[in-house]
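# Reading the structure
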Amino acid sequence: MSVWLHSKRIARYGLIGFIRNGFVSLSAILMLTITLFVMAGLVMASAALSSTLKQLNDKVDVNVYFSVKASNDDVQGVKLALEALPDVAQVTYVSPDEALALFRSRHGTDQVTMQALDQLGDNPLGASLSIRAKNTSKYQDIANYLESVQTAALGASITKVNFNQNKTAIQRLSDIIETSRRVGYATVIIFMIASVIIAFNTIRLTIYTARDEIGVMNLVGAGKWYVRGPFMIAGVLYGAIAGLFVVVFLYPFSAWTAPGSDRLFAGAFNTLDFYTSHFLLFFFTLMGTGVALGVLSSFLAIRRYLR
Amino acid sequence: MILYDNVSKIYNGGSTTVALQNINLSVEPGEFVSIVGHSGAGKSTLIKLLFAEVIPSEGTVFFGSKEVAKLSQQELRALRRNIGTVFQDFRLLPTKNVYENVAFAMEVAGRSDDDIKADVPHVLELVGVIDKMWNFPHQLSGGEQQRVAIARAIVNQPDVLLADEPTGNLDPINTHDVVNILKKINDLGTTVVLTTHNKVVVDSVGRRVVTMDQGRIIRDDKSGKYTL
């Protein structure tokens, strides 16, 4: 028998079985829809967590203050040395003039301070470097490095590194971020495994209900793929339809949760923006996961009935 | 054609059950053999050994020159396509209509769509359910379902038709019709092995009768009647 004829018959029986076992198909689609929806929700929650953690991360920095006598070359030398460190994400240079402007804008309403500043005449503020690490846990290493260069010629003009003042707060924040990340990923993994198990068992039940039918197919001498094929086609249909349902349903869902997510994450994460900007990724991932779950579950579940 | 050579079958479950003991039996091509006996005599096990739904504990079962228990998966499927089977509980595919149930057996045998379109109505006509071709099994009576099962069993023109209590769930009229169909199939050259405990059926067939009791063959009459 030609492969084409064989495939055509398998596909036809898969489709027929899917339609005629309407209630069973509906149950399987429903369970896969819930599974995929949970997965999509977990992806969104994970993205929201990452976004929030990133925002928190970005708020932490270490500042290095230079004396007013420090030359631009001294500051740039330290800046270049810091940028060469693998843990440093960004080093921002703040010139003495910018530091003064920033100071004035912050304390503009404090008349006494402004008068004192005016009486000084010269700019009392030196240059500074604002350092942002790739990971909050790396600030200690950067601070240690700065302490080591402070005694060397390169860092002789450094007057202050503010890490030690903020050390406790930074480390606590670093711990919170790290713990949140671990708990978040562990939760996502556990829920995903649970969802996959539920989906697999649902498909297994659909095949269990057809065990007598499979027995008859074996009895008349049907080949393994002739028995297995239609169930795998039905699995593809369960997964694809469930995937499509979730893709469609996620739009109103993310629109509905958008204002709440905006408030909760202080503008760091908006569900609707995230969904629309990652639509194709969601579409292909959900469809692909649905189809893979359907086919793989069918393939595994039917094995025990093939003799 | 079919040979049971000193075959025994012991089921080991919670307790040990001896289903068959030292069975020696041969069936020649074109024969119509009725295997009779009380429930639990071992008739169904004897049938199931032929298409390897059950494997013998001792002895060997041959179909032609091949030992059934030693066939590969592929050879076994080929054997099953060459044996028609009919059971008391019909064993039709519930989600397929009558046409599809019969066509399925032809499809797995690799027959073309044209052959299927030509042969399925013909065989349904032969067993008298052509008017139910598009019905589903649950829409048919027991007798009609058994006719469909017979149609499926014979559509590939198998060498042997195994009928395990085919009239067990049928009323006398349908029983009579089914037996007549089996006789007609045998007249066309197919070997038929029928198990039953229905005296009327065996007496109406009037061919070879093998009588079983407690897993043993106790009588083998070339042209017998039901005697227990």
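Residues numbered from 1 in each chain as written. Chains lettered and ligands numbered in written order. Predicted model: local features only at pLDDT ≥ 70, side-chain atom pairs only at ≥ 80, totals over all residues. Heavy atoms only, no water.

## A look at the overall build of chain B
What chain B contains, in helices and strands, is seven helices and 10 strands. For chain B, whose C-alpha radius of gyration is 17 Å, the value lies close to the compact-globule estimate of 17 Å for 228 residues. Within chain B, the proportion of its 228 residues that are buried is 53%. A sequence separation of at least 24 residues applies to 67% of the contacts in chain B between residues at least 6 apart. Here chain B displays about 9700 Å² of accessible surface, and carbon together with sulfur accounts for 48% of that area. (Helix = DSSP H or I, 4+ residues; strand = E, 2+ residues; numbered from the N terminus. Rg over C-alpha atoms; globule rule 2.2 N^0.38 Å. Buried < 20%, exposed > 50% of the residue type's maximum accessible area, 1.4 Å probe, protein only. Contact = heavy atoms within 4.5 Å. Areas by Shrake-Rupley, 256 points an atom, 1.4 Å probe, with all protein chains shown as cover.)

## As for the interface of chain B and chain A
Listed per partner, the contact involves 25 residues of chain B and 21 residues of chain A. Where chain B abuts chain A, roughly 2200 Å² becomes buried across the two surfaces, and 56% of that area is made up of carbon and sulfur atoms. The largest share of the area that chain B buries against chain A comes from R80(B), T95(B) and E107(B), three residues that together contribute 26% of it. For the pair chain B and chain A, the interface holds five salt bridges. (Buried area = accessible area lost by both parts, 1.4 Å probe. Salt bridge = Lys/Arg side-chain N within 4 Å of Asp/Glu carboxyl O.)

## With respect to helix α8 (residues 211-219) of chain A
E213(A), I214(A), V216(A), M217(A), N218(A) and L219(A) are the residues of α8(A) that are buried. Trailing α8(A) by a residue or two, G221(A) shows a phi angle of about 90°, which is positive.

## Describing the sheet that holds strand β2 (residues 88-94) of chain A
Residue and element names in this part refer to chain A. Taken in spatial order, the four strands make up an open sheet running β2-β3-β1-β4, and their pairing is antiparallel. Two strands close off the open sheet at either side, each with one partner strand: β2 and β4 (158-161). Neighbour-to-neighbour, the strand axes of the sheet open up by a mean angle of 20°, direction not taken into account. Examined bridge by bridge, β2 and strand β3 (residues 128-133) share six bridges and lie antiparallel to one another. In the strand pairing of β3, V88 is matched with A133. (Pairing = 2+ DSSP bridges. Axes fitted to C-alpha atoms, helices over the stretch in contact; angles between N-to-C directions.)

## Side note on the domain arrangement of chain A
Here the domain parsing of chain A yields domain 1 (3-56 + 175-305) and domain 2 (68-156). Distance from the C-alpha centre of domain 1 of chain A to the C-alpha centre of domain 2 of chain A: 52 Å. (Domains from an automatic or database assignment.)

## Side note on the packing of aromatic side chains
All names here are of chain A. Summed over the entire model, instances satisfying the criterion amount to 17 aromatic pairs over all chains. Both rings, one in F274 and one in F282, keep their centres 6.0 Å apart while their planes meet at 90°; by these two values the pair is edge-to-face. Note on accessibility: F274 and F282 belong to one class, buried. Taken together, the ring pairs in this structure connect F265, F269, F274, Y275, F279, F282, F283 and F284 into an aromatic cluster. (Phe/Tyr/Trp six-rings, centres within 6.5 Å; stacked < 30°, edge-to-face > 60°.)

## Points about the nonpolar core
In terms of nonpolar packing, the biggest core is built from 44 residues, with I207(A), Y238(A), F282(A), L286(A) and F104(B) touching the most fellow members. In this view, I207(A) contacts I214(A), F231(A), S298(A), A301(A), I302(A) and Y305(A); residues no more than four positions away in its chain are not counted. Counting 37 residues, the second-largest nonpolar core is a separate cluster that includes V98(B), A105(B), V123(B) and V178(B). (Core = buried A, V, L, I, M, F, W, Y, C linked by side-chain atoms within 4.5 Å.)

## Things to note about the pattern of salt bridges
Any two side chains of opposite charge can pair if their charged atoms end up close together. Counting across every chain of the model gives 19 salt bridges over all chains. The residue R12(A) makes a salt bridge to E107(B) at a minimum N-O spacing of 3.0 Å. Placement of the pair is R12(A) in helix α1 (residues 3-20) and E107(B) in helix α3 (residues 98-108), with the two residues belonging to separate chains. When its relative accessible area of 36% is taken as the criterion, R12(A) is described as partly exposed. Exposure remark for E107(B): the relative accessible area of 3% places this residue in the buried category. Close ionic contact of E144(B) with K132(B) constitutes a salt bridge, the shortest N to O distance being 3.6 Å. Linking E144(B) in helix α5 (residues 142-154) with K132(B) in the loop between α4 (113-127) and α5, this pair joins segments that are 12 residues apart in sequence.

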